[in-house]
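# Per-entry structural report
Below are the chains, spelled out letter by letter.
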Amino acid sequence: GHAPATKTRHSCQSADQRRRPERHPARLAIRADAITSRISSPLCCRAYPPNITTRAAADCKAAGKTKIALINGPSTDPWNVLYQTGVKNVADAQGLEIVDVTDSKWQADLANQQAATLLQQHGKDLCALMLPWDVIAIPASQAVKKAEQAGTIAPGSVGVYSIDSSIDGCNAIK
């Protein structure tokens, strides 16, 4: 079944309020599992890739779904590679299927188009869009809202999850 129409499933992490792991890439990937999520509201949370993916997995399982998609920045960006690896590792462990990974090049308009395409292609089976930054998460959430209004997806059935957002970014994603 679908999430109730009154429930919005968007989650993000405020960059100005989170604790950062060490910057060494190998340590970032290893330590990411040890960092705990602290939720500041039902819709905006502070979490690194494993925690935000775990939250998405819980929401997806509650809705009876397992398919997620990633809209990333440039595929060669080192931070983006670590983010995607963290999401993939946790998604696999949680039984989520990543149905697509796109490269938005950090461009808002491209992220919006990619989100719209993912929603058209995977529609009712998709439960989450995972994005690493509010600059691309905000337009993706706009595509979700438009798809809900058009009846392509049920309201609240696809969540938008971002880990690097300002408070304003979190509020815009809601």
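Summarised in this report is the structure supplied together with it. Given the structure is predicted, the values throughout are model-derived calculations rather than measurements. (Residues numbered from 1 in each chain as written. Predicted model: local features only at pLDDT ≥ 70, side-chain atom pairs only at ≥ 80, totals over all residues. Heavy atoms only, no water.)

## Topic: the overall build of the protein
Just so we agree on the cut-off: Strands are runs of DSSP state E lasting at least 2 residues, helices are runs of H or I lasting at least 4, and numbering of each runs from the N terminus. Think of it in three bands: with a 1.4 Å probe and only protein chains considered, a residue is buried below 20% of the maximum accessible area for its type, exposed above 50%, and partly exposed in between. In this analysis, two residues are considered to be in contact whenever any of their non-hydrogen atoms come within 4.5 Å of each other.
Each helix and strand in the protein was counted, giving six helices and seven strands. Its helices and strands taken in sequence order, the protein reads β-α-β-β-α-β-α-β-α-β-α-β-α from the N to the C terminus. Relative to its 174 residues, the protein shows a buried fraction of 47%. Across the protein, the fraction of contacts at a sequence separation of at least 24, relative to all contacts at a separation of at least 6, is 77%.

## Comments concerning the side chain of Gln 114
Relative to the helices and strands, Gln 114 resides in helix 4 (residues 108-122). When its relative accessible area of 12% is taken as the criterion, Gln 114 is described as buried. The contact partners of Gln 114, leaving out residues within four places of it in the chain, are Ile 71, Thr 102, Asp 103 and Ser 104.

## Some details on the environment of Ala 69
Note on placement: Ala 69 falls in strand 4 (residues 67-72). When the C-alpha atoms of Ala 69 and Val 99 are compared, they prove to be 5.6 Å apart, with 30 residues separating the residues in sequence.

## So, the state of the cysteines
Counted only if it meets this: Disulfides are defined in this document as cysteine sulfur pairs within 2.5 Å.
All chains considered together, the criterion is met by one disulfide. A disulfide bridge connects Cys 60 with Cys 127, and the sulfur atoms are separated by 1.9 Å. Residues Cys 60 and Cys 127 are joined through a disulfide that is right-handed, its torsion about the S-S bond being 90°. Placement of Cys 60 in helix 2 (residues 49-62) and of Cys 127 in strand 6 (residues 126-131) is noted, with a sequence separation of 67 residues between them. Overall, the relative accessible area of 0% leaves Cys 127 in the buried class.

## Some remarks on the pattern of salt bridges
Stated formally: Here a salt bridge means any side-chain nitrogen of Lys or Arg lying within 4 Å of a carboxyl oxygen belonging to Asp or Glu.
Scanning all chains against the criterion turns up two salt bridges. Between Lys 88 and Asp 92 there is a salt bridge whose closest N-O contact spans 2.7 Å. In this pair, Lys 88 and Asp 92 are both assigned in helix 3 (residues 78-94), four residues apart and thus about one turn of the helix distant. Under the relative-accessibility criterion, Lys 88 is labelled partly exposed at 43%. Salt-bridge contacts for Lys 105 lead to Asp 103; the nearest nitrogen and oxygen are separated by 4.0 Å.

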